[in-house]
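Below, each chain spelled out in residue letters.
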Amino acid sequence: MITSDQTAVLAGLGTCLPVGEEDNAALSERLDTSDSWIRERTGIAARRIAGPDVSMRDLAVAAGENALKAAGLAEVDAVVVATSTPDRPLPAAGPQVASSLGLGSVPAFDVSAACSGFIYALAVSAGLIGTGLAGDILMVASEKYSRAVDPADRATRVLFGDGAGAAVLRSGRRDERGAVLAVDWGSDGTGRDLIHWPGGQGGYLSMAGKRVYLKAIEHMTSSTLRVLDQCGWAISEVDTFVPHQANMRIIRAVAQQLSLPEDRAVCALERTGNTAGASIPLALAHGQANGTIRAGDRMVLTAFGAGLAWASAALVWPEINTVESEL
Ligand code: ACO
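Residues numbered from 1 in each chain as written. Predicted model: local features only at pLDDT ≥ 70, side-chain atom pairs only at ≥ 80, totals over all residues. Heavy atoms only, no water.

Colleague: An account of the pattern of salt bridges is needed here, citing residue identities and associated values.
Modeller: A complete count under the given rule lists 14 salt bridges for this structure. Between R173 and D175 there is a salt bridge whose closest N-O contact spans 3.1 Å. Taking relative accessible area as the criterion, D175 reaches 62% and is therefore assigned exposed. Here E237 and R298 are joined by a salt bridge, their closest N and O atoms 3.4 Å apart. With a gap of 61 residues between them, E237 in the loop between helix 7 (209-231) and strand 11 (240-243) and R298 in strand 12 (residues 298-305) connect regions that are remote in the sequence. By relative accessible area, E237 is classed as partly exposed at 34%. Judged by its relative accessible area of 29%, R298 falls in the partly exposed class. Residues joined in a network through salt bridges with shared partners are E22, R30 and R157. (Salt bridge = Lys/Arg side-chain N within 4 Å of Asp/Glu carboxyl O. Buried < 20%, exposed > 50% of the residue type's maximum accessible area, 1.4 Å probe, protein only. Helix = DSSP H or I, 4+ residues; strand = E, 2+ residues; numbered from the N terminus.)

Written out as structure tokens, the structure is:
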């Protein structure tokens, strides 16, 4: 629960997607799958795949630079990178992103919460700003899941894509548009084997799809209800719902459980697939570009993924710029 008057306010958004697009037809040539199966079961038509010369950090730096441009800032007090597909286990990507952006010797670190990474980073950043430990923060969610999935596994290969999204947060008051009003977050380590990636020589990502599907609906629904409760909003007052973009059927099921009209849910996965931690900022940029998200909208963000970890946040959408690029 956020109780202080001073909180984080969203000041700019940036994204970066790899140029390489892989559609369902291209995947169907290599795997025992089809465009109709993937579309019907997931809503995904294509995903962006970064080439070997584009790293998770490259995507993070480009998205971060775009968010700084969007916010009109050249300096921040801290950098937070959310990723579950780091280029290397050690060191964290945060300091490298900060150096590449010329941000000096600011504190910089990573948050590992998979698909909930962006909202976890938002929660941590709001805490740092709320306590006065930082003023402006650059937070970046960047993922390269094409490294983690088995190219021969149709069950996971069709789902994931690469990409990055970033936001600049500044210190402000609760009554300003863009202020982070409430956060709900949680975890359940007993579900650690439902989605896991041993990394190194240990192999590829594995996911118990059906069980994850059911857990995603359960936790995104309950976490959304808790965050609404914190800010005193009824579900009917939510203008825009921005869920983690894993599967269109999960998004529909959560909307149904919440009795939320489906057209209030932003759906941006058709051409990007599941980009894990980056999916929420990419969906925000998508919604802003196509007019689904408007300044003044009461908005709830919610996510669920490996950990298990889930998180939700509430805010009123501000008038901000979004800068997008491809790499
Ligand atoms: N093409 C064709 N057939 C396939 C494919 C494919 N790409 N993938 C699986 N199948 C087959 C299966 O082998 C199975 O065949 P069988 O019945 O002969 O055994 C059949 O399709 C049905 O498989 P299910 O797994 O039951 O399919 P389901 O309808 O559950 O959809 C999916 C699978 C899309 C993975 C779904 O379970 C899902 O979206 N799960 C949640 C994913 C998610 O939310 N992840 C978020 C977290 S990710 C993170 O945090 C990193």
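Colleague: Describe the domain arrangement of the chain, listing the residues and the values that go with them.
Modeller: Split into domains, the chain comes out as domain 1 (6-173) and domain 2 (182-321). Measuring from the centre of the C-alpha atoms in domain 1 to the corresponding centre in domain 2 gives 15 Å. Contacts between the two partners involve 48 residues from domain 1, matched on the other side by 44 residues from domain 2. When domain 1 packs against domain 2, the two sides together hide about 3700 Å² of surface, and 69% of this comes from carbon and sulfur. Counting across the interface, domain 1 meets domain 2 through 2 salt bridges. For E270, the salt bridge goes to R39, with nearest N and O atoms at 3.8 Å. Among the elements of the structure, strand 1 (6-17), helix 2 (35-42), strand 3 (46-48), helix 5 (117-130), strand 6 (137-144) and strand 7 (162-173) are those that each provide at least two residues to the side of domain 1 that touches domain 2. No other element matches the 7 residues that helix 5 contributes to the side of domain 1 that touches domain 2. A class-by-class count of the residues in the side of domain 1 that touches domain 2 yields 26 nonpolar, 12 polar and 10 charged. (Domains from an automatic or database assignment. Contact = heavy atoms within 4.5 Å. Buried area = accessible area lost by both parts, 1.4 Å probe. Nonpolar A, V, L, I, M, F, W, Y, C, P; charged D, E, K, R; others polar.)

Colleague: Pulling in residues and values, what's your account of the layout of surface pockets?
Modeller: A volume near 670 Å³ is recorded for the largest pocket. For the largest pocket, the lining is made up of 33 residues, of which A155, L159, M207, G209 and N247 are closest to its centre. Those elements that place two or more of their residues in the lining of the largest pocket are helix 2, helix 6 (154-157), helix 7, helix 8 (248-258) and strand 12. Per-element accounting of the lining of the largest pocket gives the leading share, 6 residues, to helix 7. Residues belonging to the lining of the largest pocket are distributed by class as follows: 18 nonpolar, 9 polar and 6 charged. Looking at which domains feed residues into the lining of the largest pocket, each of domain 1 (6-173) and domain 2 (182-321) gives three or more. (1 Å grid on protein atoms, 1.4 Å probe; cavity = no way out; pocket = protein on both sides within 12 Å on 5 of 7 lines; lining within 4 Å. Points joined across faces, edges and corners; volume = space filled by probe spheres on them.)

Colleague: Could you give an account of unusual backbone geometry, naming the residues involved and the relevant values?
Modeller: Put simply, L90 and P91 share a cis peptide bond, and its omega is 0 degrees. With respect to the helices and strands, the residue P91 is situated in the loop between strand 4 (78-82) and helix 4 (93-100). Cis geometry is adopted by the peptide bond preceding L308, which originates at G307 and carries an omega value of -10 degrees. By the element assignment, L308 lies in the loop between strand 12 and strand 13 (309-316). Not every positive phi belongs to a glycine, and A114 is a case in point at roughly 50 degrees.

Colleague: Lay out empty space enclosed by the protein with the relevant residues and their values.
Modeller: A complete count under the given rule lists 2 cavities of 30 Å³ or more for this structure. The computed volume of the largest cavity comes to approximately 50 Å³. Partitioning the lining of the largest cavity into residue classes produces 8 nonpolar, no polar and no charged. Lining the lining of the largest cavity are residues from two domains, each supplying at least three of them: domain 1 (6-173) and domain 2 (182-321). For the second largest cavity, the calculated volume is near 30 Å³. In this structure, the second largest cavity is lined by Q245, A268, T272, G273, T275, S279, L282 and A283. Its residues placed into classes, the lining of the second largest cavity shows 3 nonpolar, 5 polar and no charged.

Colleague: How would you summarise the packing of aromatic side chains if you had to cite specific residues and measurements?
Modeller: Enumeration according to the criterion identifies 2 aromatic pairs in this entry. With 5.0 Å between their ring centres and 70 degrees between their planes, Y120 and W185 make a pair best called edge-to-face. Here Y120, found in helix 5, pairs with W185, found in strand 8 (residues 182-187); they are 65 residues apart in sequence, far enough to count as distant. Take Y120: its relative accessible area is 17%, and that puts it in the buried class. Each ring, one from Y145 and one from F160, has its centre 4.9 Å from the other, and the planes form 15 degrees; the classification is stacked. (Phe/Tyr/Trp six-rings, centres within 6.5 Å; stacked < 30°, edge-to-face > 60°.)

Colleague: Now, about the sheet that holds strand 7: what can you tell me, with residues and values included?
Modeller: Strand pairs in the sheet, formed through backbone hydrogen bonds, run parallel or antiparallel to each other. Strand order in this open sheet of 6 strands is 5-4-6-7-1-14, and the pairing throughout is mixed. The open sheet has two edge strands, strand 5 (108-111) and strand 14 (322-326), and neither has a second partner. On average, each strand axis in the sheet is tilted by 20 degrees relative to the strand beside it, whichever way the strands run. Note that strand 1 and strand 7 share 10 bridges and pair antiparallel. Within the sheet, the bridge partner assigned to G14 lies in strand 7 and is A166. (Pairing = 2+ DSSP bridges. Axes fitted to C-alpha atoms, helices over the stretch in contact; angles between N-to-C directions.)

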